[in-house]
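Close look at the chain arrangement
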Amino acid sequence: MSLIKVENLSKQFGNLTAVNNISFEVTEGTIFGFLGPNGAGKTTTINILCTLLAPTSGKTYIAGHDCLKEPSEVRKNIGIVFQDTTLDKDLTAYENLMFHACLYDVKRSVIKERINDALNFVGLFERKDDLVKKYSGGMKRRLEVARGMIHRPKVLFLDEPTLGLDPQTRAHLWEFIIELPKKHNVTVFMTTHYMEEAEVCNNIAIIDNGKIIAAGTPEELKKTVGGDVIYIRTSDNARAKNEIEKLFNLEVSEKDNELFLTALRGDACIPEIIKAVGETVLSVRLQRPTLNDAFLKMTGRQIREQNGSPEDTIKEAVRSYRRRHDRG
């Protein structure tokens with residue numbers, strides 16, 4: 001069953017097309033990854049699905065409810081963890097969750113049990129009476145995940161949930177996120193530009209410049225690379241590139257002074273490459289296909305290359321929209 005459905009969705013901010021006629025569906029009880037660089041249209045899409053923005057054209061549905069025509073019904077079925085923390089730092093963790101539960105009209109008879117369950121789930125029960133301003137970044141993120149689950153939503157949106165966190169804290173947070181569909185019967189819709197995080201997703205849509213350029217399981221997307229990726233550093237890349245292309249009849253590319261090519265059996269090719277290139281070889285490494293390799297193959301660049309993008313313009317437009325059109 002599709003819990004999220006997007007049909008021919010587009011969003012423009014003046015002359016800027018942030019989302020360009022995209023369509024996809026998210027199956028109930030799965031973790032869905034929406035991948036792309038900054039400015040690709042991820043946050044704009046998530047804001048439309050969460051009823052914070054109106055689309056320029058197209059339709060979006062959450063649990064069968066039209067996001068534009070039935071915003072109240074949609075909001076009852078979703079939880080949200082934004083990029084920027086929205087916790088009240090002058091309240092305790094318990095008070096933050098209590099306030100959220102009251103906003104969503106959670107029955108008084110179950111509020112305490114739900115709060116305690118949520119705090120235990122994210123490992124913060126022992127710190128429930130501490131002010132949030134004393135929490136680390138990772139603890140705040142975990143508390144926001146707990147808060148998003150208090151009203152038992154069908155969909156939990158996580159917009160770059162680990163942005164700004166150190167690798168250890170990111171890994172710890174993902175331990176909780178992975179368990180959400182099974183333990184809380186919730187569908188997770190996450191955006192990220194960390195390709196390695198997307199490995200946990202059941203399905204992925206890769207978005208670039210407002211368009212979905214590929215979709216499938218992580219393994220399906222990695223297969224588009226066409227084999228193992230071999231990276232070679234030499235003291236004469238131009239000569240080495242020519243020798244390798246003549247030897248294997250394969251295209252060799254270069255990035256950051258490193259040559260790379262794909263081959264079905266990379267481990268068998270490496271000895272022949274070293275023999276052909278000779279003493280100019282400085283280093284050789286083999287890498288099994290990754291999602292980042294798939295993105296590179298589809299777009300010609302790494303996912304983290306794009307900086308200073310239109311996403312800043314989009315975010316400011318969203319903030320302005322919220323100030324002018326507070327919809328509750």
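The structure displayed is predicted, hence computed values, not measured ones.

1. Regarding the overall build of the protein
A tally of regular secondary structure across the protein gives 11 helices and 14 strands. Out of the 328 residues in the protein, the part that is buried amounts to 50%. Taking as baseline every contact in the protein between residues at least 6 positions apart, the subset at least 24 positions apart corresponds to 70%. Here the protein has roughly 15,800 Å² of accessible surface; of this, 47% comes from carbon and sulfur atoms. Side chains of the protein carry 46 positive and 45 negative charges; the gap between the two charge centres is 4 Å.

2. Re the packing of aromatic side chains
Tallied over the entire structure, the rule returns nine aromatic pairs. With a centroid separation of 6.1 Å and an interplanar angle of 35°, the aromatic rings of phenylalanine 24 and phenylalanine 189 are classed as tilted. Here phenylalanine 24 is found in strand E2 (residues 16-27), whereas its partner phenylalanine 189 is found in strand E8 (residues 187-192), with 165 residues between them in sequence. Accessibility expressed as a relative area gives 9% for phenylalanine 24, which makes it buried. Measuring from centroid to centroid gives 5.6 Å for phenylalanine 34 and phenylalanine 189, while their planes differ by 55°, and the two rings are tilted. Placement of the pair is phenylalanine 34 in strand E3 (residues 31-35) and phenylalanine 189 in strand E8, with a sequence separation of 155 residues. A residue is classified by how much of its surface remains accessible, and phenylalanine 34, at 0% relative accessible area, is buried. The exposure class assigned to phenylalanine 189 is buried, which follows from its relative accessible area of 0%. Pairwise contacts between aromatic rings join Phe24, Phe32, Phe34, Phe157 and Phe189 into one cluster. Of note, lysine 11 hangs over the ring of phenylalanine 13, and the distance from its end group to the ring centre comes to 5.4 Å.

3. Some thoughts on the side chain of arginine 170
Tracing the backbone shows arginine 170 in helix H6 (residues 167-184). Setting aside anything within four residues of it in sequence, one finds arginine 170 in contact with Thr162, Leu165, Tyr194, Glu196 and Glu197.

4. Topic: the nonpolar core
With 44 residues, the main nonpolar core has Leu97, Leu119, Leu143, Leu158, Leu180, Val188 and Ile204 as its most contacted residues. Ignoring sequence-local partners within four residues, the contact set of leucine 119 consists of Ala93, Tyr94, Leu97, Leu124, Phe125, Lys128 and Leu143. Of all hydrophobic cores here, the second largest spans 29 residues; its members include Phe13, Val19, Ile22 and Phe157.

5. Considering the confidence of the model for the protein
Residue-level pLDDT values for the protein average 87, and 91% of them are 70 or greater. Across the protein, element-level confidence peaks in strand E4 (residues 57-62) with a mean pLDDT of 98 and bottoms out in helix H11 (residues 311-324) with 44. Considering only residues more than four positions removed or in separate chains, one finds that residues 324-328, a stretch of pLDDT under 50, has five contacts.

6. Observations concerning the layout of surface pockets
If you add up the space inside the second largest pocket, you get close to 290 Å³. Taken together, 13 residues line the second largest pocket, and the ones lying closest to its centre are Ser253, Phe260, Leu261, Thr262 and Lys297.

7. Structural notes on the pairing of E3
Side-chain direction in a regular strand flips from residue to residue, so the side chains alternate between the two faces of the sheet. For E3, the tally of buried residues reaches five of five residues, placing the bulk of the element in the interior. Residue alternation in E3 divides its side chains into two sets, Ile31, Gly33 and Leu35 and Phe32 and Phe34, and both sets are buried. Relative to E8, E3 is paired through five bridges, and the arrangement is parallel. Counterpart to leucine 35 in the pairing with E8 is threonine 192. For E3 and strand E9 (residues 203-208), the ladder comprises four bridges, and the chain directions are parallel. The residue bridging phenylalanine 34 from the neighbouring strand is alanine 205, located in E9.

8. Quick word on the state of the cysteines
Following the criterion strictly, the structure yields zero disulfides and no others. Cysteine 67 takes part in no disulfide bond, and the closest cysteine sulfur, belonging to cysteine 50, lies 8.1 Å away. We classify cysteine 67 as buried; its relative accessible area is 3%.

9. Let's talk about the environment of leucine 180
Checked against the element boundaries, leucine 180 lands in helix H6. Note on leucine 180: relative accessible area 0%, which makes it buried. Beyond its immediate stretch of four places on either side in the chain, leucine 180 contacts Phe121, Val145, Met149, Leu156, Asn185, Val186 and Val188.

10. Thoughts on the sheet that holds E2
A sheet is described by the order of its strands in space; here four strands give the open sequence E2-E1-E4-E5, paired in antiparallel fashion. Bordering the open sheet on either side are E2 and strand E5 (65-66), each of which pairs with just one other strand. Across the sheet, helix H1 (residues 42-49) touches strand E1 (2-13), E2 and E4, and the angle it forms with E1 is around 120°.

11. Quick look at the pattern of salt bridges
Inspection of the entire model under this criterion finds 17 salt bridges. Measuring nitrogen to oxygen at the nearest pair gives 3.7 Å for the salt bridge that ties glutamate 179 to lysine 182. Of this pair, glutamate 179 and lysine 182 both sit in helix H6, three residues apart, roughly one helical turn. A single salt-bridge network, built from bridges that share partners, covers Arg141, Glu144 and Arg147.

Conventions and cut-offs
- Residues numbered from 1 in each chain as written.
- Predicted model: local features only at pLDDT ≥ 70, side-chain atom pairs only at ≥ 80, totals over all residues.
- Heavy atoms only, no water.
- Helix = DSSP H or I, 4+ residues; strand = E, 2+ residues; numbered from the N terminus.
- Buried < 20%, exposed > 50% of the residue type's maximum accessible area, 1.4 Å probe, protein only.
- Contact = heavy atoms within 4.5 Å.
- Areas by Shrake-Rupley, 256 points an atom, 1.4 Å probe, with all protein chains shown as cover.
- Lys, Arg positive; Asp, Glu negative; His and termini not counted.
- Charge placed at Lys NZ, Arg CZ, Asp CG, Glu CD.
- Phe/Tyr/Trp six-rings, centres within 6.5 Å; stacked < 30°, edge-to-face > 60°.
- Lys NZ or Arg CZ within 6 Å of the ring centre and 35° of its normal.
- Core = buried A, V, L, I, M, F, W, Y, C linked by side-chain atoms within 4.5 Å.
- pLDDT = per-residue confidence, 0-100.
- 1 Å grid on protein atoms, 1.4 Å probe; cavity = no way out; pocket = protein on both sides within 12 Å on 5 of 7 lines; lining within 4 Å.
- Points joined across faces, edges and corners; volume = space filled by probe spheres on them.
- Pairing = 2+ DSSP bridges.
- Disulfide = S-S within 2.5 Å.
- Axes fitted to C-alpha atoms, helices over the stretch in contact; angles between N-to-C directions.
- Salt bridge = Lys/Arg side-chain N within 4 Å of Asp/Glu carboxyl O.

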